[in-house]
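Each chain, letter by letter, is given below.
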Amino acid sequence: MVIVVSGPGGVGKGTIAELLVEKHNDLWLSRSWTSRAPRKGENEDSYVFVSAEMFKEAIDGDSFLEWAEFHGNFYGTPWPVAPDGHDVLLEIDVQGALSVQAHGIDFLMVFIDAPTKEDQAERLRGRGDGEDEVHRRIAEGERERKVASGLGAVFVTNDNLGNAVDEISAIISAYRRK
Ligand code: ADP
Ligand code: 5GP
């Protein structure tokens, strides 16, 4: 089973994805590749950080289930190799989710939002994003929400972090029972 966690920048997707795999031993979080430089203080395991050249070589070598260009950087999901008995968790943007769908793969789509745009901006600034990036990520959110609706996403507001993780856990359990 594949679960896609998506949402605008800064709403807390990465934080939530990490907490979900800590909580559920049977969830396996795919580590994406990116040509983006690591942020100050960013965990070095957040991505496989590579140069744009290396990323393009990997595209040519058919290394990715999907990849997308986002704000001038490449992001891609290597073909997932989850251990037996594990479901795959992908934290990717909505373009990536569309590509996964185009592969004919069925997935649960969870779209996370911050309570307000102000909260989102505050979270982005809090992790060191500049004002241009903050505005871009907020504007991008409008388009992303529409695509997510089209993909039948379940929308979750990340107000209290623990509650959001619990809510998504319940959504995953319900999807597994289907
Ligand atoms: P994303 O992966 O969606 O871009 P991050 O996981 O990097 O977002 O989170 C952005 C910032 O918001 C981080 O500093 C994180 O600690 C913080 N954050 C995440 N969830 C919450 C929350 N519920 N309340 C307040 N801050 C949060
Ligand atoms: P960030 O630079 O904030 O880490 O990520 C920017 C965007 O790229 C986010 O929407 C994030 O979900 C998305 N992203 C991260 N990894 C992947 C990936 O492997 N594929 C795709 N398509 N998007 C990704």
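In what follows, the structure referred to is the one given above.
Everything numeric here is computed off the predicted structure, so don't read it as measured data.

Caption draft 1: Spotlight on the sheet that holds strand S5 (residues 64-70). Taken in spatial order, the four strands of this open sheet run S4-S3-S6-S5, and their pairing is mixed. In this open sheet, the two edge strands, each paired with only one partner strand, are strand S4 (48-49) and S5.

Caption draft 2: Layout of the packing of aromatic side chains. Under the defined criterion, the tally for this structure stands at eight aromatic pairs. With 4.7 Å between their ring centres and 20° between their planes, Phe55 and Phe64 make a pair best called stacked. Both residues of the pair, Phe55 and Phe64, belong to the buried class. Taking the centre distance of 5.2 Å and the plane angle of 15° together, the rings of Phe55 and Phe74 count as stacked. With Phe55 in helix H2 (residues 52-60) and Phe74 in strand S6 (residues 73-78), this pair connects stretches of sequence that are 19 residues apart. Looking at Phe74, the relative accessible area reads 13%, which means it is buried. Through a chain of ring-to-ring contacts, three or more aromatic side chains come together here, namely Trp33, Phe55, Phe64, Trp67 and Phe74.

Caption draft 3: Structural context of the packing of helix H1 (residues 13-23) against helix H6 (residues 161-177). Where H1 contacts H6, the axes come no closer than 10 Å and their chain directions differ by 60°. Our classification of the angle between H1 and H6 gives oblique. The handedness of the crossing between H1 and H6 comes out as right-handed. For the pair H1 and H6, contact is made by Thr15, Ile16, Leu19, Leu20 and Lys23 and by Leu161, Ala164, Val165, Asp166, Ile168, Ser169 and Ile172, respectively.

Caption draft 4: Focus on the side chain of Thr77. Tracing the sequence through the fold places Thr77 in strand S6. For Thr77, a relative accessible area of 0% translates into the label buried. Of note is the side chain of Thr77, whose polar atom sits 2.4 Å from the side chain of Glu66. Those residues in contact with Thr77 that lie beyond four places of it in its chain are Ser30, Ser32, Ser63, Phe64, Leu65, Glu66, Leu90 and Ile92.

Caption draft 5: Quick look at the site of ligand 1. Around ligand 1, 13 residues are found, and the nearest of them are Gly10, Lys13, Thr15, Arg127 and Asp159. Take Gly14: an N or O atom from its main chain is 2.8 Å from an oxygen atom of ligand 1. At 3.2 Å from a nitrogen atom of ligand 1 is found a side-chain nitrogen or oxygen belonging to Arg123. Here ligand 1 loses 70% of its free accessible area of 570 Å² to cover by the protein chains. Placement of ligand 1 is best described as lying within the largest pocket. Here the shell around ligand 1 gets three residues from one element, more than from any other, and that element is H1. Residue composition of the shell around ligand 1, grouped by class: three nonpolar, six polar and four charged.

What counts and how
Residues numbered from 1 in each chain as written. Chains lettered and ligands numbered in written order. Predicted model: local features only at pLDDT ≥ 70, side-chain atom pairs only at ≥ 80, totals over all residues. Heavy atoms only, no water. Pairing = 2+ DSSP bridges. Helix = DSSP H or I, 4+ residues; strand = E, 2+ residues; numbered from the N terminus. Phe/Tyr/Trp six-rings, centres within 6.5 Å; stacked < 30°, edge-to-face > 60°. Buried < 20%, exposed > 50% of the residue type's maximum accessible area, 1.4 Å probe, protein only. Axes fitted to C-alpha atoms, helices over the stretch in contact; angles between N-to-C directions. Parallel < 35°, antiparallel > 145°, perpendicular 65-115°, else oblique. Left-handed = near helix turned anticlockwise from the far one by under 90°. Contact = heavy atoms within 4.5 Å. Polar contact = N/O pair within 3.5 Å; in protein donor to acceptor, adjacent residues only side chain to side chain. Near = heavy atom within 4 Å. Areas by Shrake-Rupley, 256 points an atom, 1.4 Å probe, with all protein chains shown as cover. 1 Å grid on protein atoms, 1.4 Å probe; cavity = no way out; pocket = protein on both sides within 12 Å on 5 of 7 lines; lining within 4 Å. Sits in = over half its atoms within 2 Å of the grid points. Nonpolar A, V, L, I, M, F, W, Y, C, P; charged D, E, K, R; others polar.

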